[in-house]
2 protein chains.
Amino acid sequence: MKTAIRNVELENIIDEIGKLDTDTILLVVDHQIWSHYAKDLVIEKIENKKVIFWKSPDGEKVKNINDFQNAIEFFLEKGIHRNAHLVAIGGGAVSDFAGFVAATILRGISWSVVPTSLLSMVDASIGGKVAINSKSGKNLIGAYHMPQNVWICSKFLGTLPEVEKASGMGEVLKYCFLDYGIYDLAIKKAPIEQIINACANYKQKLTDEDFKETGIRKILNLGHSFGHALEFIYNLPHGEAVMWGMVLVFKIFGSEKNINDIIALKNALNIPGKNPPWFNKEFPIDKIMTYLQKDKKISALSSIDLVMVNDIGNAQVERKTFEEIQNVLETNKDELRKFTL
Amino acid sequence: MKTAIRNVELENIIDEIGKLDTDTILLVVDHQIWSHYAKDLVIEKIENKKVIFWKSPDGEKVKNINDFQNAIEFFLEKGIHRNAHLVAIGGGAVSDFAGFVAATILRGISWSVVPTSLLSMVDASIGGKVAINSKSGKNLIGAYHMPQNVWICSKFLGTLPEVEKASGMGEVLKYCFLDYGIYDLAIKKAPIEQIINACANYKQKLTDEDFKETGIRKILNLGHSFGHALEFIYNLPHGEAVMWGMVLVFKIFGSEKNINDIIALKNALNIPGKNPPWFNKEFPIDKIMTYLQKDKKISALSSIDLVMVNDIGNAQVERKTFEEIQNVLETNKDELRKFTL
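Conventions used here
Residues numbered from 1 in each chain as written. Chains lettered and ligands numbered in written order. Predicted model: local features only at pLDDT ≥ 70, side-chain atom pairs only at ≥ 80, totals over all residues. Pairing = 2+ DSSP bridges. Helix = DSSP H or I, 4+ residues; strand = E, 2+ residues; numbered from the N terminus. Domains from an automatic or database assignment. Contact = placed C-beta atoms within 7 Å. Buried ≥ 20, exposed ≤ 12 C-beta atoms within 10 Å, placed from the backbone. Arc of directions from axis to C-beta. Least-squares fit on C-alpha atoms with pLDDT ≥ 70 in both. Nonpolar A, V, L, I, M, F, W, Y, C, P; charged D, E, K, R; others polar. Axes fitted to C-alpha atoms, helices over the stretch in contact; angles between N-to-C directions. Right-handed = clockwise from strand over helix to strand, strands pointing away. Parallel < 35°, antiparallel > 145°, perpendicular 65-115°, else oblique. Left-handed = near helix turned anticlockwise from the far one by under 90°. Core = buried A, V, L, I, M, F, W, Y, C linked by C-beta atoms within 7 Å. pLDDT = per-residue confidence, 0-100.

Enquirer: So what's going on with the pairing of strand β10 (residues 314-321) of chain B? Which residues, and what values?
Expert: All names here are of chain B. Where strand β9 (residues 303-311) lies against β10, eight bridges are found, and the strand directions are antiparallel. The residue bridging L306 from the neighbouring strand is E318, located in β10. The hairpin turn running from β9 into β10, its antiparallel successor, is two residues long, and G313 in that turn takes a positive phi close to 85 degrees.

Following this line, the structure appears as structure tokens:
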């Protein structure tokens, strides 16, 4: 099933939910969003439907098996059925989590998302990858479950903390390397709504072509293998980690032009920060290697697929052995420690 | 992907696993099966593969979120990847559970099953429905995840307890109503291997046509809506509960011929027991109605789809309101209390 991505005004979100073809709504809302926007999301306006409301704890914390169990048991206990529809309103953590609930409750019910963070509007809410976290790493327990609707409302960005805006921009930066149209919008400093729509539709196109990520969809992982490791090691926001993951892969396997493009785009998109998280510290090769080997994207015991970019809009997947990666990190560790953008 | 269903000798199971196209095997084996057959399943014979072994606790008990979490964290911690392959050896509970692990670990890896109970050979291991249980009912948390291989070895029936054999026969009885060929084999008292293959291939055909159960696959639920309620209320083995679920749906919405066919087939298949679980007790209408309304097969708040059989090989789905079901149970409760096969 294809996802309908549409822009919607804040005051019309409840109307859209009311029009869904079901008599039962499972509504999962981020608790911060609820504290800011409850007055704009008047559930009582939804007529002739049973609405079961579950307020989600803060951010990434919700993506664990206990909350998964709590939410599922709560909805089942309230009485739902296969034609019920789940609606997630929140950032990427909430849609990852709620989407996994939708994927597994009664073996899967339909769902829709209202992404409220920049990261989620351009990336997390699109494409049906849903998951919770494991002790061994992020997003290691999950499913592919395409949402029916993604309703984008940029008004939510008004209350998004600066650090999360910057994090979202890290993913925007990634798209700029994958698609020349998005690169062009960024360099021209187009309005953010225009950039969001371009990113969301680009990702949707790729995921429609390759839902289960056996081919072209893999290029969306640019910066992510190292990014996930950095996110874990330095406790960074996801998009920021992806940006430094891209920097790292470009430094060790890419070109000078890759790095110059990052600097130009970073300036155009107003992304702060020039020093990598490992700047002037010991470069954490062992931790990175341990984490890489648990990455869910590895497809053999001895190697991993990394995304490389020849030029803007020209990315491809290259298989690298762990030995090769370890060697090049060892060789470059002193230079990496001193490097800044 | 289509499942390859094949008969395999006990001594060749390990060879089949060894031939799988992967370097990493997640092996989930029922602990009872392991205690009987460890000498026939010599894991060390699998060459050039990493084998991660997880022994599963007894029967239905494993189908809970805690064991799900334990197994997933265990496999992830040992280090696996997307091309790893899970093999489940055990009864229906083990394949339901292990299949759900395979469906969700790293967003889904391929898997194969060696069903060791009659119930699993004819039903549970076929068709890719995988699940664990919720506090609100059985199999309410799950996925559709087709196995790559089902390797049937009837030798395992040699150590299957009689009560489980009878339970498996309850599902065989169900197939007899759905397919004239299987009915004919049962009435002629064909060898059990032949009946197993006919049931497994019949189910595979239906699930290939309708994987997500939006149409024809629904007829496989004959006896199951009431059966799941009876299984829960009286703590019955699954197949036995399905048999009494069929008896109940035939008694209140079916024909005299349905009941006569059940009796003839029950005799031909040597299924013991003439008294329903509610015999001479108060008929548990409230409990049944409460349970039915939580059944994952309901698709609206006020009704449920029940499978009815006009004649052998001619089944169809009929929507019944809960009110209608409650009324007919109330009207017939005194007769039901006294009824025996």
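Next comes the rest of the account.
Enquirer: Tell me about the domain arrangement of chain A, residues and numbers included.
Expert: Residue and element names in this part refer to chain A. Domain parsing of chain A yields domain 1 (4-158) and domain 2 (161-338). Computed over C-alpha atoms only, the centres of domain 1 and domain 2 are separated by 27 Å. Contact with domain 1, which involves 20 residues of that partner, is made by 26 residues of domain 2. Of all the secondary-structure elements, those providing two or more residues to the side of domain 1 that touches domain 2 are α5 (118-124), β7 (137-144) and β8 (149-152).

Enquirer: Could you give an account of helix α7 (residues 180-187) of chain B, naming the residues involved and the relevant values?
Expert: All names here are of chain B. Buried within α7 we find I182, Y183, L185 and A186. Relative to the axis of α7, the buried residues are bounded by an arc of 165 degrees and lie together on one face. Phi turns positive one or two residues past the end of α7, at K189, with a value near 55 degrees.

Enquirer: I'd like to hear about the relation of the copies chain B and chain A, residue by residue, with values.
Expert: By a simple turn and slide, chain B fits onto chain A: the slide is 0.0 Å along the axis, the RMSD is 0.0 Å, and the turn is 180 degrees. Here the transformation between the copies is reduced to the relation of a two-fold axis. Relative to the rotation axis, the C-alpha of I65 of chain B is the closest in chain B, positioned 4.0 Å from it. The share of interface residues of chain B whose copies in chain A are also at the interface is 100%, consistent with both copies meeting through the same surface.

Enquirer: So what's going on with the interface of chain B and chain A? Which residues, and what values?
Expert: Interface size is commonly expressed as the accessible surface area that is lost when the partners come together. With 36 residues of chain B at the interface, the matching set in chain A holds 37 residues. Where the side of chain B that touches chain A is concerned, the elements lending two or more residues are α3 (65-78), α4 (92-104), β6 (129-134) and β7 (137-144) of chain B. Among the elements that make up the side of chain B that touches chain A, the one with the highest residue count is α3 of chain B (six residues). For the side of chain B that touches chain A, the per-class residue count stands at 14 nonpolar, twelve polar and ten charged.

Enquirer: So what's going on with the sheet that holds strand β5 (residues 110-115) of chain B? Residues and values would help.
Expert: Residues and elements named next belong to chain B. Taken in spatial order, the six strands line up as β1-β8-β5-β4-β2-β3 in an open sheet, and their pairing is parallel. Of all strands in the sheet, those with a lone pairing partner are β1 (4-7) and β3 (50-56), marking the two edges. Between one strand axis and the next, the sheet turns through 15 degrees on average, direction left out of account. The sheet contact formed by strand β4 (residues 85-90) and β5 spans six bridges and is parallel. Its bridge partner being in β5, G90 is matched across the sheet by P115. The sheet contacts of α4 involve β2 (24-30), β3, β4 and β5, and relative to β4 the element is tilted by about 170 degrees.

Enquirer: Outline the pairing of β2 of chain B, listing residues and values.
Expert: Residue and element names in this part refer to chain B. For β2, the buried fraction is high: six of the seven residues fall into the buried class. Sheet analysis places β2 next to β3, joined by seven bridges and oriented parallel. The residue bridging L26 from the neighbouring strand is I52, located in β3. Crossover connection from β2 via helix α2 (residues 31-37) to parallel β3: handedness right-handed. Pairing between β2 and β4: five bridges, direction parallel. By the bridge assignment, L27 is partnered in β4 with V87.

Enquirer: Explain the packing of α7 of chain B against helix α8 (residues 192-209) of chain B residue by residue, including any values.
Expert: All names here are of chain B. Between α7 and α8, the shortest axis-to-axis distance is 10 Å and the interhelical angle comes to 165 degrees. By the criterion of interaxial angle, the relationship of α7 to α8 is roughly antiparallel. Crossing angle aside, the handedness with which α7 passes α8 is left-handed. Of the residues in α8, those touching α7 at G181, I182, L185 and A186 are Q194, I195, A198, C199 and Y202. Looking at side-chain class alone, the contact of α7 with α8 contains seven nonpolar, two polar and no charged residues.

Enquirer: So what's going on with unusual backbone geometry? Which residues, and what values?
Expert: At R107 of chain A, a position not held by glycine, the phi torsion is positive, near 60 degrees. Along the chain, the position of R107 of chain A falls in the loop between α4 (92-104) and β5 (110-115). You will see that E213 of chain B, though not glycine, has its phi angle at about 55 degrees, which is positive. Positionally, E213 of chain B belongs in the loop between α8 and α9 (224-234).

Enquirer: Please provide a residue-by-residue account of the packing of helix α6 (residues 162-178) of chain A against helix α10 (residues 238-253) of chain A, values included.
Expert: All names here are of chain A. Two elements in contact, α6 and α10, have axes separated by 6 Å at closest approach and are oriented at 40 degrees. With respect to α10, the element α6 is oriented oblique. With respect to the hand of their crossing, α6 and α10 are arranged in left-handed fashion. When α6 is examined against α10, the residues A166, S167, G168, M169, G170, E171, L173 and K174 are found in contact with a partner set consisting of H238, G239, E240, V242, M243 and M246. Grouping the amino acids of the contact of α6 with α10 by side-chain chemistry returns six nonpolar, five polar and three charged.

Enquirer: I'd like a rundown of the sheet that holds β8 of chain A, residues and numbers included.
Expert: The strands making up a sheet associate through backbone hydrogen bonding, with each pair oriented either parallel or antiparallel. Residue and element names in this part refer to chain A. Across the sheet, which stays open at both edges, the six strands sit in the order β1-β8-β5-β4-β2-β3 with parallel pairing between neighbours. The open sheet is flanked by β1 (4-7) and β3 (50-56), the only strands paired with a single partner. Across this sheet, the average inter-strand angle for adjacent strands is 15 degrees, counted without regard to direction. By the bridge criterion, two bridges tie β5 to β8 in an arrangement that is parallel. By the bridge assignment for β8, S112 is matched with N149.

Enquirer: Break down helix α12 (residues 285-292) of chain B for me, citing the residues and quoting the values.
Expert: Listed in full, the buried residues belonging to α12 of chain B are I288, Y291 and L292 of chain B. Looking straight down α12 of chain B, one finds its buried side chains confined to an arc of 100 degrees; they lie on one side.

Enquirer: Describe the nonpolar core, listing the residues and the values that go with them.
Expert: Within the largest apolar cluster, 198 residues are counted, with the highest numbers of intra-cluster contacts made by L86 and V101 of chain A together with L86 and V101 of chain B. When residues no more than four places from it in sequence are discounted, the contact partners of L86 of chain A are L26, V28, A98, V101, A102, I109 and W111 of chain A.

Enquirer: Can you lay out the environment of G108 of chain B for me, pointing to particular residues and giving the numbers?
Expert: In this structure, G108 of chain B sits in the loop between α4 and β5. Here the alpha-carbon distance between G108 of chain B and Q32 of chain B, two residues 76 residues apart in the chain, equals 27 Å. In contact with G108 of chain B, not counting residues within four places along its chain, are A143 of chain A together with A102, A103 and H145 of chain B.

Enquirer: An account of the confidence of the model for chain A is needed here, citing residue identities and associated values.
Expert: Per-residue pLDDT for chain A has a mean of 95; in total, 99% of the residues score no lower than 70. The ipTM assigned to the predicted complex is 0.90, against a pTM of 0.91.

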